[in-house]
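What follows is the residue order along each chain.
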Amino acid sequence: MTSDTLIDLLEQHADQALGELDAAYGAYCRTIARNILQNEEDAEECVSDAYLAVWNAIPPARPEHFKAWLGTIVRNGALRRKRQNSAAEALREELSEALPDRGSVAGQCEAKALGEAISAFLRSQRPDVRTAFLRRYWYADSVEAVALRLGWSVSKTKSALFRMRKKLKDYLVKEELWHE
Amino acid sequence: MNKETMWEAMEHLAPDLIEEADRPAAPRRRRSWSKTLLIAAAACLVLAVGVVAADALFGLKILEFANDGENNRLTFQAVEVTQFPVSQFGETIQEYIENGMPEVGRRPADYVAEGYYGYVITFDIPTFDTWAEAADFIGADIPLAEESSVLSQGVADDFCVRVSANVVSLSALYLLDGQTVSCSVDISVQGGGPAPTYSNLFGGSKSAVTQQQTVTGSGADTLIYTVDGEAPSCSAYFIREGILYSIILRDTSDTALMEEILASF
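Residues numbered from 1 in each chain as written. Chains lettered and ligands numbered in written order. Predicted model: local features only at pLDDT ≥ 70, side-chain atom pairs only at ≥ 80, totals over all residues. Heavy atoms only, no water.

## Concerning the interface of chain A and chain B
- With 51 residues of chain A at the interface, the matching set in chain B holds 37 residues.
- Taking both sides of the interface into account, the surface hidden between chain A and chain B amounts to around 4100 Å²; carbon and sulfur atoms contribute 61%.
- Taken together, the connections running from chain A to chain B amount to 6 salt bridges.
- Between D22 of chain B and K67 of chain A there is a salt bridge; the shortest N-O distance is 2.5 Å.
- Connecting chain A to chain B are 14 residue pairs in polar contact (both at pLDDT 80 or more).
- Residue assignment for the side of chain A that touches chain B shows that the elements contributing at least two residues are α4 (66-81), α5 (86-95), α6 (111-123), α7 (127-137), α8 (143-150) and α9 (154-174) of chain A.
- Among the residues forming the side of chain A that touches chain B, the class breakdown is 23 nonpolar, 12 polar and 16 charged. (Contact = heavy atoms within 4.5 Å. Buried area = accessible area lost by both parts, 1.4 Å probe. Salt bridge = Lys/Arg side-chain N within 4 Å of Asp/Glu carboxyl O. Polar contact = N/O pair within 3.5 Å; in protein donor to acceptor, adjacent residues only side chain to side chain. Helix = DSSP H or I, 4+ residues; strand = E, 2+ residues; numbered from the N terminus. Nonpolar A, V, L, I, M, F, W, Y, C, P; charged D, E, K, R; others polar.)

In structure tokens, the structure reads:
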């Protein structure tokens, strides 16, 4: 089933819409939730909450990139559900190494603008390291899972992520998104 | 606030990038054996005990090749390395060059050779999980090669960085398909004194040591020493952008793996 057809069903609030949603994207949603929450039961509840959010959002929403939009709902829900989760906190700590040591977000730069800048930075990187970065920091895959997905060793994966965080830090300073 | 901003920014990444990262990865192609380097058989040379090189070959000068009754010992000096200014190293490295590495402890030595102090000193040796982190610690301005794509397929112990007045070293021990591979990098320090000398012990006094020449993937001329017999080994030395690299395989004289590793430098 294409995402457009699924969105049509959701717009109509058809009986089979959520079943089709789960069939098409259930595994994807559960992986994201499980990576962050580290708990099967919490992950199931999180995914259910996300489906409810989708049901309520469509219509009027009709997202162009449905999968990413859905993943974002699940991810945000998981992060909200367990903000003190040690795995999520460790990931935030790791990613914060990409921040320059001193200073603050320049002027009126908000998270949205920073996100756009990070996207631009990621587009300038090789596809495999881009995937490694996103799998680790957006999908919250473990380093081992990222390595397995890309066919890399764990050592190479850690090195690649370290270099990406460093490059991102240099990029943010160079683009004057971060004043030291 | 800083960590939060970065974390919140991840919510606003371009959706096409997010979806791209969830596509199945393309299958990796196996390394083509036809791309591995072949050792120039014509350049094989069996070292004779007592040989001393008049000139440096590929920046390495043999000072001595001796037999002590049990082992063959090759001693050489890396004479064509770059001596890097102290300021080119990372901040902590500069401090260690200036003041020495921090001591963790010292104890009286069990045996004191003539001319030596009677202490064993333990230093706090910086160790890292990855080659990249160790390289960053050494200094971004030092032209250290990226980690070998062949070695990175293996499992590595800690990456250790040792500092003395005349050389900064990075060393790691990899386990690659059951084979132990030692990889060391030595970066000379400007004003630290003469170029360091290196000794390699080849076990088995009756075993011949063969010297061969080859080239790494980046074009660095390389010397490979192999020995068969009771204690086989294969060692390679090359200078790349002024830095000395040493790769040692113990318990094997098979050069095929060494060729593959050198191709990745």
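Structure shown, so let's carry the discussion forward.
## Looking at the packing of α9 of chain A against helix α4 (residues 131-138) of chain B
- Packing of α9 of chain A against α4 of chain B leaves a shortest axis separation of 7 Å and a crossing angle of 45 degrees. Compared by their axis directions, α9 of chain A and α4 of chain B come out oblique. Within the contact between the two elements, α9 of chain A uses S159, F162, R163 and K166 of chain A and α4 of chain B uses W131, A132, E133 and D136 of chain B.
- Classifying every residue of the contact of α9 of chain A with α4 of chain B gives 3 nonpolar, 1 polar and 4 charged. (Axes fitted to C-alpha atoms, helices over the stretch in contact; angles between N-to-C directions. Parallel < 35°, antiparallel > 145°, perpendicular 65-115°, else oblique.)

## A closer look at the packing of aromatic side chains
Residue and element names in this part refer to chain A.
- If you walk through the whole model with that rule in mind, you get 15 aromatic pairs over all chains.
- Between Y25 and Y28, the aromatic rings sit 6.5 Å apart at their centres with planes inclined by 65 degrees, giving edge-to-face as the arrangement. Here Y25 pairs with Y28, and both are found in helix α2 (residues 17-37), just 3 residues apart, close to one helical turn.
- Owing to a relative accessible area of 12%, Y25 belongs among the buried residues under this scheme.
- Overall, the relative accessible area of 9% leaves Y28 in the buried class.
- Here the aromatic rings of F133 and Y137 are separated by 5.0 Å at their centres, their planes lie at 65 degrees, and the arrangement is edge-to-face. Of this pair, F133 and Y137 both sit in helix α7, 4 residues apart, which is roughly one turn of the helix. (Phe/Tyr/Trp six-rings, centres within 6.5 Å; stacked < 30°, edge-to-face > 60°. Buried < 20%, exposed > 50% of the residue type's maximum accessible area, 1.4 Å probe, protein only.)

## Examining unusual backbone geometry
All names here are of chain A.
- Cis geometry is adopted by the peptide bond preceding P59, which originates at I58 and carries an omega value of -15 degrees.
- Of note, P59 is situated in the loop between α3 (40-57) and α4.
- Following P59, the chain continues into P60 via a peptide bond in cis, with omega recorded as 10 degrees.
- Within the fold, P60 resides in the loop between α3 and α4.
- For H13, which is not glycine, the phi torsion reads 50 degrees and is therefore positive.
- Examined against the element boundaries, H13 turns out to sit in the loop between α1 (3-11) and α2.

Honestly, it's all geometry; don't read function into it.
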